[in-house]
Amino acid sequence: MALIKSISGIRGTIGGAAGNGLTPIDVVKYAAAFGTWVLQKTQNNTIVIGRDARLSGDMVSRLVSATLQGLGINVIDLGLSTTPTVEMAVPAKQAGGGIILTASHNPKQWNALKLLNATGEFISDEDGKQVLALGDSEAFDFAPVTKLGKYSTDDTFLQEHISAILALPLVDKEAIKAKNFRVVVDAVNSTGGFAVPMLLEQLGVEIIEKLFCEPTGDFAHNPEPLPENLRDIARVLEKGSFDLGIVVDPDVDRLALVNEDGTMFGEEYTLVAVADYVLQRNGGGNTVSNLSSTRALRDVTEKQGGSYAAAAVGEVNVVNKMKETNAVIGGEGNGGIIYPELHYGRDSLVGIALFLSHLAKSGMTMTRLRASYPNYFISKNKIELTPEINTDEVLVRMQERYAKHPINSIDGVKIEFDKEWVHLRKSNTEPIIRIYAESDSNATADHLANKIIGDIKEIISK
């Protein structure tokens, strides 16, 4: 069993003892903490909630709703929904905040409370610490019986979300419809199972083959959209009857694409392709991704005359950097597209609409489009340390060792080597340093990562 309390929310496995998993007691405690924070911060007594389809979702949702009502907060429940839909609903409903009940790409035994501020964006580091402190102190003041909050449902907002996407100038519905695209969708039996086909139908996609699109929450495979988990959709596409495959995670904020021959477009390249389209149509502009994302985004940005900036890992950090640099698009290399013209949050649905517009206008197949981008490979590794080793000190020593190279230390240590890089990040929960290395070949990326691992071993052996 596990319970992880972080600034962006509360995540844990269902069951077990209170404090060791996401039990009903923990759900109530942190829902009360967040509701109290919203009342203190905004004096607004409305909160929007929504959930993915995982098995524990209904139970957790009822606990959260009742707790918020007990604080005198009015709850607008979107029911089965998507993370970006809830994000957009918060400001649209003039609410003081939002809670998304999803553990994102984690397996079905997990669930979480993801916390949104009044603008529908993830709460900041400072705000998250305040919520956690309220939870630890249990400084809750529940409402008297005459002032309990009201509960209402709204199952119409997904359509409002889709309508807003269709109204975007860069979403070319006519170009998409003219292509008569044949698409396979893998939604891992969560809410993307109805949200993605709903969008595709309204975009004019001719044929939609649904794979794991029943929102039962009984995930058909590991829900993280990585190549090793996407063998079923790859086999369908290998037969040659479809133009592309679309894969989303359980809460529909990560988008992976599969080529017409069953090969992977590459999760890192979802953002690269969509950004390329936006930059072409905008006549350039600035972009942002996190430090662990591919250099290819920087390449396509600079090709269009824009500037690229790197943010610390974490959606809230990417959003802050995007605002700071006035970026026209940004996101994360895990398939997270953030398009500010719609809202500041990772959104697979807007990513799909923009990508299909790009594919339609390019006149290319998926494989040809992918081949048009710089080809980089990321090697992902980790080194486990003993608890007595000071990981911060190790990172400082690595920074000193590579001081002659450009270094970014806003989130761990990222070392630049011409068109290659290595990013070292410590885990917040265990004595591990994660090591990401990128190069134009798998072998070189692996070699670079192993060289850094050797350096770390040398440092800790002294």
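Rules of the game
- Residues numbered from 1 in each chain as written.
- Predicted model: local features only at pLDDT ≥ 70, side-chain atom pairs only at ≥ 80, totals over all residues.
- Heavy atoms only, no water.
- Helix = DSSP H or I, 4+ residues; strand = E, 2+ residues; numbered from the N terminus.
- Contact = heavy atoms within 4.5 Å.
- Polar contact = N/O pair within 3.5 Å; in protein donor to acceptor, adjacent residues only side chain to side chain.
- Buried < 20%, exposed > 50% of the residue type's maximum accessible area, 1.4 Å probe, protein only.
- Pairing = 2+ DSSP bridges.
- Axes fitted to C-alpha atoms, helices over the stretch in contact; angles between N-to-C directions.
- Parallel < 35°, antiparallel > 145°, perpendicular 65-115°, else oblique.
- Nonpolar A, V, L, I, M, F, W, Y, C, P; charged D, E, K, R; others polar.

Undergrad: When you look at the environment of Asn117 in this model, what are you seeing that I'm missing?
TA: Of note, Asn117 is situated in the loop between strand 6 (110-116) and helix 4 (125-137). With 328 residues separating them along the chain, Asn117 and Ala445 place their C-alpha atoms 39 Å apart. Discounting residues that sit within four places of it in the chain, Asn117 has contacts with Val90, Gly96, Gly97, Gly98, Phe122 and Ile123. Looking at Asn117, its side chain comes within polar contact range of the side chain of Thr119, at 2.6 Å.

Undergrad: Mind showing me how you'd approach the pairing of strand 20 (residues 432-439) here?
TA: Where a strand is regular, its side chains alternate between the two sheet faces. For strand 20, a buried count of seven out of eight residues is recorded, marking the element as mostly surrounded by other parts of the structure. When strand 16 (residues 377-384) meets strand 20, the two strands line up antiparallel, connected through eight bridges. In the sheet register, Ile383 faces strand 20, and the bridge partner there is Ile433. When strand 19 (residues 420-426) meets strand 20, the two strands line up antiparallel, connected through six bridges. Within strand 20, the position partnered with His423 by the bridge is Tyr436.

Undergrad: How should I be thinking about the packing of helix 9 (residues 267-282) against helix 10 (residues 296-303) in this particular structure?
TA: Between two packed helices, both the angle of their axes relative to each other and the distance between the axes serve to describe the pair. Relative to each other, helix 9 and helix 10 sit at 10°, their axes nearing to 9 Å. Between helix 9 and helix 10, the angle is such that the two are roughly parallel. Judged by residue contacts, Tyr269, Leu271, Val272, Ala275, Asp276 and Leu279 of helix 9 engage Ala296, Leu297, Val300 and Thr301 from helix 10. A class-by-class count of the residues in the contact of helix 9 with helix 10 yields eight nonpolar, one polar and one charged.

Any functional reading would require information that these geometric values do not contain.
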